[in-house]
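Overview (structure and organization)
Given next are the chains, with one letter for each unit.
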2 protein chains.
Amino acid sequence: MELQKTLNWRYAVKKYSDRKVTDNDLQKIIEAVNLSASSAGMQPYRLFVIENSQLRKELGANSFNPQITESSHLLAFAAYENVTPEMINEYILHIAETRAIPVEQLDEFKTALGFFLGRTPEENFIWSSRQAYIALGTALIAAAELKIDTTPMEGFNAQKLDELLGLHEKGLKSVVLLSIGYRDEEKDAFAKLKKVRLPKEVLATVV
Amino acid sequence: MELQKTLNWRYAVKKYSDRKVTDNDLQKIIEAVNLSASSAGMQPYRLFVIENSQLRKELGANSFNPQITESSHLLAFAAYENVTPEMINEYILHIAETRAIPVEQLDEFKTALGFFLGRTPEENFIWSSRQAYIALGTALIAAAELKIDTTPMEGFNAQKLDELLGLHEKGLKSVVLLSIGYRDEEKDAFAKLKKVRLPKEVLATVV
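Reading the values: the criteria
- Residues numbered from 1 in each chain as written.
- Chains lettered and ligands numbered in written order.
- Predicted model: local features only at pLDDT ≥ 70, side-chain atom pairs only at ≥ 80, totals over all residues.
- Helix = DSSP H or I, 4+ residues; strand = E, 2+ residues; numbered from the N terminus.
- Buried ≥ 20, exposed ≤ 12 C-beta atoms within 10 Å, placed from the backbone.
- Contact = placed C-beta atoms within 7 Å.
- Pairing = 2+ DSSP bridges.
- pLDDT = per-residue confidence, 0-100.
- Least-squares fit on C-alpha atoms with pLDDT ≥ 70 in both.
- Axes fitted to C-alpha atoms, helices over the stretch in contact; angles between N-to-C directions.
- Expected span 1.5 Å × (residues − 1).
- Core = buried A, V, L, I, M, F, W, Y, C linked by C-beta atoms within 7 Å.
- Parallel < 35°, antiparallel > 145°, perpendicular 65-115°, else oblique.
- Left-handed = near helix turned anticlockwise from the far one by under 90°.
- Nonpolar A, V, L, I, M, F, W, Y, C, P; charged D, E, K, R; others polar.

The subject of this paragraph is the overall build of chain A. Of regular secondary structure, chain A possesses nine helices and five strands. Helices and strands appear in chain A in the N-to-C order α-α-β-α-α-β-α-α-α-β-α-β-α-β. Along the longest, intermediate and shortest principal axes, the C-alpha atoms of chain A span 60 × 50 × 30 Å. Taking all 207 residues of chain A together, 43% fall into the buried category. Contacts spanning at least 24 positions in sequence make up 82% of the contacts within chain A whose residues lie at least 6 apart.

Below is the structure:
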């Protein structure tokens, strides 16, 4: 199983080299994120690929994560703060267009999606953030398959990032960062550490 | 890129055949989940592999997801409701043991993990659930790589499942289900539908 090797290869890189990820590889990672599963297929999040060093410097100030500025690229996953009727309408139209079917054929599905409109923004944001994390899981694997290193980061100044990217105006809130690049194996003490994982029987129970 | 093919192959199966997933393949999926990335490496969730048909029948009653009972196996991802000092202690001991280092070498890391103890249970549960979703993303890919079909399901009776499995007593709460098995391509109208995804430039913005 290739995936097992890929997952064993990856770790949260602390120290990156100067090597840049090519645009071709970057596009493959974005494509994998786009193919990630999401609840009802809604993809209720957006990805921001930050290369701009000034922006990363501002975001990285006072952060305990040098990876924000030192990696090749910084990916920010931002989830929608709520689900609106417009989002549902657009999504339904997009399905009809993609599958070349009359939009009326989706009436039942559209009604089912009304479920989201009956929830609080908080409930919908918990949901949309979780979908972004499925995509994060995919991105980690996509990068590792390309032998590109990554560091997922939750401890960042989300408010500052949201301001810098104008996310609130777009109805989005950043939830997690992923730096990508290439490990500096000599300078990263974590590169050679043994991976720590639960015994399989502690993680999983068969019932 | 193999992953892209794998992701294109998968869809949320509505109708399963009777074919069972072998124990060997099941173990590979569990292993992949165990190798998933998680914040600080904490793995703050557990996996329940439900084969028991009576249990699945009870859980599937009044559900709009026949996949709960009709698939080969049902995986339930359950996240810890909070982070306790005991969890941190155990984790630190486990790292020391795995890496064969004196536990004192981890003092600084242990202090850093104290961060979780200063948060509310609600904040920690939002966090632990998100980690479970990274693992869900990995499980989807692990299964698809083995040509095993899946259906992630959020709309289930979590309270009932928690009662059936005694999760609350373990400090856990179920967050998402994943049925696994083999698609019944003839009877599943969704098997041949075109995958609907955002144009890449709508999903991702380069800044």
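Residue and element names in this part refer to chain B. For strand β3 (residues 149-153), the tally of buried residues reaches four of five residues, placing the bulk of the element in the interior. The pairing of β3 with strand β4 (residues 172-181) spans five bridges and is classified as antiparallel. Paired with Pro152 across the strands is Leu178, a residue of β4.

Confidence in the prediction for chain A averages 97 pLDDT; 100% of positions are at 70 or higher. At the level of chain-chain contacts, confidence expressed as ipTM amounts to 0.98, with global pTM at 0.98.

Expressed as a screw transformation, the operator carrying chain A onto chain B has a rotation angle of 180° and an axial translation of 0.0 Å, and the superposed copies differ by an RMSD of 0.0 Å. The relationship between the two copies is best expressed as a two-fold rotation axis. When the interface residues of chain A are mapped onto chain B, 100% of them again fall at the interface, so both copies present the same face.

On to the environment of Gln159(A), then. With respect to the helices and strands, Gln159(A) occurs in helix α8 (residues 158-165). Taking C-alpha positions, Gln159(A) is 8.0 Å from Ser174(A), a pair spaced 15 residues apart along the chain.

Before going further, it helps to spend a moment on the sheet that holds strand β2 (residues 73-80) of chain B. Across the sheet, which stays open at both edges, the five strands sit in the order β5(A)-β1(B)-β2(B)-β4(B)-β3(B) with mixed pairing between neighbours. At either margin of the open sheet sits one strand with a lone partner, and together these are β5 (204-206) of chain A together with β3 of chain B. Direction aside, neighbouring strands of the sheet carry axes that sit 25° apart on average. In this structure, strand β1 (residues 45-50) of chain B lies alongside β2(B), joined through six bridges in antiparallel fashion. Residue pairing across strands places Ile50(B) opposite Leu74(B), the latter belonging to β2(B). Its contacts with the sheet put helix α8 (residues 158-165) of chain B on β1, β2 and β4 of chain B, and the angle it makes with β4(B) is roughly 95°.

On to helix α2 (residues 23-34) of chain A, then. End to end, α2(A) covers 16 Å across twelve residues, agreeing with the expected 16 Å (1.5 Å per residue, within 8%). Turning to α2(A), its buried residues are Leu26(A), Lys28(A), Ile29(A), Ile30(A), Ala32(A), Val33(A) and Asn34(A). For α2(A), the elements touching its buried residues are β1 (45-50), β2 (73-80) and α7 (121-145) of chain A together with α1 (2-9), α9 (200-203) and β5 (204-206) of chain B.

Let's shift gears to the nonpolar core. Among the nonpolar cores identified, the biggest contains 104 residues, and Phe77(A), Leu136(A), Ala139(A), Phe77(B), Leu136(B) and Ala139(B) are the most heavily contacted of them. Residues within four places of Leu136(A) in sequence aside, it is in contact with Phe77(A), Pro152(A), Val176(A), Leu178(A) and Ile134(B).

It is worth spelling out helix α5 (residues 85-99) of chain A at this point. Relative to the 21 Å expected for 15 residues at 1.5 Å per residue, α5(A) spans 21 Å between its end C-alpha atoms, a close match to the ideal helical length. At the exit of α5(A) stands Ala100(A), carrying a positive phi of roughly 50°.

A separate point is the packing of helix α3 (residues 53-60) of chain A against α8(A). Residues and elements named next belong to chain A. Remark: α3 packs on α8, axes separated minimally by 9 Å, with the N-to-C direction vectors making an angle of 155°. One way to sum up the angle between α3 and α8 is to call them roughly antiparallel. Both α3 and α8 take part in a crossing whose hand is right-handed. Each of Leu55, Glu58 and Leu59 in α3 lies in contact with α8, whose residues at this interface are Lys160, Leu161 and Leu164. When the residues that make up the contact of α3 with α8 are grouped by side-chain class, the tally is four nonpolar, no polar and two charged.

With 56 residues of chain A in contact, the opposing surface of chain B contributes 56 residues. When the residues that make up the side of chain A that touches chain B are grouped by side-chain class, the tally is 30 nonpolar, 14 polar and twelve charged. Across three bridges, the pairing between β1(A) and β5(B) is parallel. Along β5(B), the bridge assignment pairs Leu47(A) with Ala204(B).

Moving on: the sheet that holds β5(B). Here we have five strands laid out as an open sheet, ordered β3(A)-β4(A)-β2(A)-β1(A)-β5(B), and mixed in their pairing. At either margin of the open sheet sits one strand with a lone partner, and together these are β3 (149-153) of chain A together with β5 of chain B. Across the sheet, the axes of successive neighbouring strands diverge by a mean angle of 25°, strand direction being ignored.

Looking now at the environment of Thr98(A). Assignment of secondary structure puts Thr98(A) in helix α5. Other than its neighbours up to four places away in sequence, Thr98(A) contacts Lys194(B) and Val196(B).

Our next topic: unusual backbone geometry. All names here are of chain B. Despite not being glycine, Gln43 shows a phi value in the positive range, around 45°. Relative to the helices and strands, Gln43 resides in the loop between α2 (23-34) and β1. In this structure Gln43 comes out as buried when scored by C-beta crowding, with 24 C-beta atoms within 10 Å. Positive phi values are uncommon outside glycine, yet Lys147 reaches one of about 55°. Relative to the elements of secondary structure, Lys147 occurs in the loop between α7 (121-145) and β3.

All names here are of chain B. Looking at the secondary structure, you find Trp127 in helix α7. When the 20 C-beta atoms within 10 Å are taken as the criterion, Trp127 is described as buried. Sequence-wise, Trp127 and Asn82 are 45 residues apart; in three dimensions their C-alpha atoms are separated by 9.3 Å.

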